[in-house]
Amino acid sequence: MSGPDNNFDWDSLTFSLTKTEKMYVAECNQGDAWSPGNILPYGNLSIDPAAGVLNYGQGIFEGMKAQRTANNRVILFRPEENARRFQRGAARLGMPPVPESMFIDAVEQVVAANSSWIPPSGRGALYIRPVLWGTGPIMGVAPAPSYTFCVFATPVGPYFKGGLSAIDLLISEENHRAAPGGSGGVKAIGNYAPGMMPSKNAKKQGFAEVIYLDAVEHKYIEEVGAANYFCIKDNVLYTPELTGTILPGITRESIIMLARHRGYEVNETQVSAEFAMTADESFCCGTAAVISPIASITQGENKKVFGVGGVGVITRELYDALTNLQTEINEDPFGWLHEVNLNLALNISNE
Ligand SMILES: *Cc1c(COP(=O)(O)O)cnc(C)c1O
């Protein structure tokens, strides 16, 4: 593993794992305070087979991007929000929360240590994956005795090559993502495996992803796979309100603020599938794709097709507004961009 060579084809990158050189690792015993970790060569970790994370899924993750802007600065987008969500997730799963400043420092060190892998402006991003696992051995179902906080990164291409394209979705009739009182509101690793077969089966039928309805009434839209949902009707935006079963996406919150800033009314409310099928535009959002326009939604025998080609006017406006803010083509009135100093001192260990 080494940095990309001079003729590395940045345009060949997709949203997949390309290993980089360095990762960050810190460890902490239950009951102790975290102390900062080290930058290590990227590679395998050694883990006890009785680790809490391997047996009982005690783990959470985050997903963030470092991007080179039009001004050739390297920025993170609202990293404090990821840090806070990571703390809430840790608390929910009985793990010691990583302090916000340590989380951001770890992410910055990983970006700086792998800076040769940050794609040129407009040609992708360095995707950053912080994870927190219960790595100490435990047999009873209880919090593990020790924890590992690891941050690694991989360069990814732009989600949509050749511009925005709209996706076809299927409402899942059999599966739900999260139930009230469960862990749907945090990025618990255990939330994701149960969605793999529903999503794979939908793909076999030609859909890009499934839409999950609420687990109580099976009426209200919750999420699109692992992305948040919006629809637009008569120039008003609607998105499912955060009730604990929906992951509070940072892209979701940013779109709400950006849309209101641009004069749109935004309602965080219950959005029934029935209502969604009458909307003018519809999209889903998350860090990876930013905004994915929805071309159609199918529920049983019913299929709703949005607009012509599926990329609605307001959807495109919001996509452009958010991505242009993130790449400093437009200004950032909210102070969302966090510059990474690539010369920052690294806590290197070669163990
Ligand atoms: C991560 C995630 C999102 C999107 O969150 P962002 O902070 O916008 O990346 C939405 N839904 C689920 C289930 C997620 O895991």
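Each value, and the rule that gives it
Residues numbered from 1 in each chain as written. Predicted model: local features only at pLDDT ≥ 70, side-chain atom pairs only at ≥ 80, totals over all residues. Heavy atoms only, no water. Helix = DSSP H or I, 4+ residues; strand = E, 2+ residues; numbered from the N terminus. Rg over C-alpha atoms; globule rule 2.2 N^0.38 Å. Buried < 20%, exposed > 50% of the residue type's maximum accessible area, 1.4 Å probe, protein only. Contact = heavy atoms within 4.5 Å. Areas by Shrake-Rupley, 256 points an atom, 1.4 Å probe, with all protein chains shown as cover. Near = heavy atom within 4 Å. Polar contact = N/O pair within 3.5 Å; in protein donor to acceptor, adjacent residues only side chain to side chain. Nonpolar A, V, L, I, M, F, W, Y, C, P; charged D, E, K, R; others polar. Axes fitted to C-alpha atoms, helices over the stretch in contact; angles between N-to-C directions. Parallel < 35°, antiparallel > 145°, perpendicular 65-115°, else oblique. Left-handed = near helix turned anticlockwise from the far one by under 90°. Domains from an automatic or database assignment. Buried area = accessible area lost by both parts, 1.4 Å probe. Salt bridge = Lys/Arg side-chain N within 4 Å of Asp/Glu carboxyl O. Expected span 1.5 Å × (residues − 1). Arc of directions from axis to C-beta. Core = buried A, V, L, I, M, F, W, Y, C linked by side-chain atoms within 4.5 Å. Pairing = 2+ DSSP bridges. Right-handed = clockwise from strand over helix to strand, strands pointing away.

A tally of helices and strands in the protein chain yields 7 helices and 17 strands. The C-alpha atoms of the protein chain give 20 Å as radius of gyration, which agrees with the globular expectation for 351 residues (20 Å, within 12%). By principal-axis analysis of the C-alpha atoms, the protein chain measures approximately 60 × 50 × 35 Å. Buried positions account for 53% of the 351 residues belonging to the protein chain. The contacts of the protein chain with a sequence gap of at least 6 include a subset with a gap of at least 24, amounting to 71%. For the protein chain, the accessible surface area stands at approximately 15500 Å², while carbon and sulfur atoms represent 48% of it.

Around the ligand, 14 residues are found, and the nearest of them are Lys187, Tyr192, Glu223, Thr251 and Thr287. At 2.5 Å from a nitrogen atom of the ligand is found a side-chain nitrogen or oxygen belonging to Glu223. Within the side chain of Thr251, an N or O atom sits 2.6 Å from an oxygen atom of the ligand. Computed on the free molecule, the ligand has an accessible area of 380 Å², of which 95% lies beneath the protein chains in the complex. Counting only elements with at least two residues in the shell around the ligand, the list comes to strand 11 (227–233) and helix 5 (250–261). Among the residues forming the shell around the ligand, the class breakdown is 5 nonpolar, 5 polar and 4 charged.

It is the contact of helix 2 (residues 79–92) with helix 3 (residues 100–113), at a shortest axis distance of 9 Å, that shows an interaxial angle of 125 degrees. As summarised for this structure, helix 2 and helix 3 are arranged oblique, according to the angle between their axes. Pair helix 2 / helix 3 crosses with right-handed handedness. Residues Pro79, Glu80, Asn82, Ala83, Arg84, Phe86 and Gln87 of helix 2 touch helix 3, and the partners they reach there are Glu100, Phe103 and Ile104.

Our next topic: the domain arrangement of the protein chain. Once the domains are mapped, the protein chain shows domain 1 (10–161 + 339–350) and domain 2 (167–310). With centres defined by C-alpha atoms, the gap from domain 1 to domain 2 works out at 26 Å. Counting residues at the interface gives 22 residues for domain 1 and 22 residues for domain 2. With both sides pooled, the region where domain 1 packs onto domain 2 buries about 1700 Å², and carbon together with sulfur makes up 66% of that total. Broken down residue by residue, the surface that domain 1 buries against domain 2 is led by Phe61, Arg78 and Arg85, which jointly contribute 34%. Summed over the shared surface of domain 1 and domain 2, the result is 1 salt bridge. Close ionic contact of Arg78 with Glu253 constitutes a salt bridge, the shortest N to O distance being 2.9 Å. Connecting domain 1 to domain 2 are 9 residue pairs in polar contact (both at pLDDT 80 or more). Mapped onto the side of domain 1 that touches domain 2, the elements with two or more residues apiece are strand 3 (59–61), strand 4 (64–68) and helix 2. If you tally residues by element for the side of domain 1 that touches domain 2, the top one is helix 2, at 6 residues. Classifying every residue of the side of domain 1 that touches domain 2 gives 10 nonpolar, 5 polar and 7 charged.

Compared with an ideal rise of 1.5 Å per residue, which puts 14 residues at 20 Å, helix 2 spans 20 Å between its outermost C-alpha atoms and is within 8% of the ideal. Those residues of helix 2 lying buried are Pro79, Asn82, Ala83, Arg85, Phe86, Gly89 and Ala90. Within helix 2, the buried residues cover an arc of 165 degrees as seen down the axis, which keeps them to one side. Gly94 occupies a position one or two residues after helix 2 and carries a positive phi of about 70 degrees.

For the rest of this paragraph, the subject is the nonpolar core. Grouped together as the largest cluster of nonpolar side chains are 40 residues, with contacts concentrated most on Tyr24, Trp34, Phe103, Val111, Ile128, Leu132 and Phe149. For this core, the elements supplying multiple residues, two or more each, are strand 1 (22–29), strand 4, strand 5 (74–77), helix 2, helix 3, strand 6 (125–134) and strand 7 (146–156). Counting residues per element, this core draws most heavily on helix 3, which supplies 8 residues. Leaving out residues up to four positions away in the same chain, Phe103 has contacts with Glu62, Met64, Pro79, Asn82, Ala83, Phe86, Val98, Pro130 and Phe149. In terms of nonpolar packing, the next biggest core, distinct from the first, is built from 27 residues, Leu164, Ile250, Cys285 and Leu325 among them.

The element strand 8 (residues 167–171) is extensively covered by neighbouring structure, given that 4 of its 5 residues are classed as buried. Inspection of the sheet shows strand 8 paired to strand 15 (residues 290–299) by 4 bridges, in the parallel sense. The residue bridging Leu169 from the neighbouring strand is Ile297, located in strand 15. Inspection of the sheet shows strand 8 paired to strand 9 (residues 209–213) by 3 bridges, in the parallel sense. Among the inter-strand pairings, Ile171 is bridged to a residue of strand 9, identified as Ile211. Handedness of the crossover joining strand 8 and strand 9 through helix 4 (residues 196–204): right-handed.

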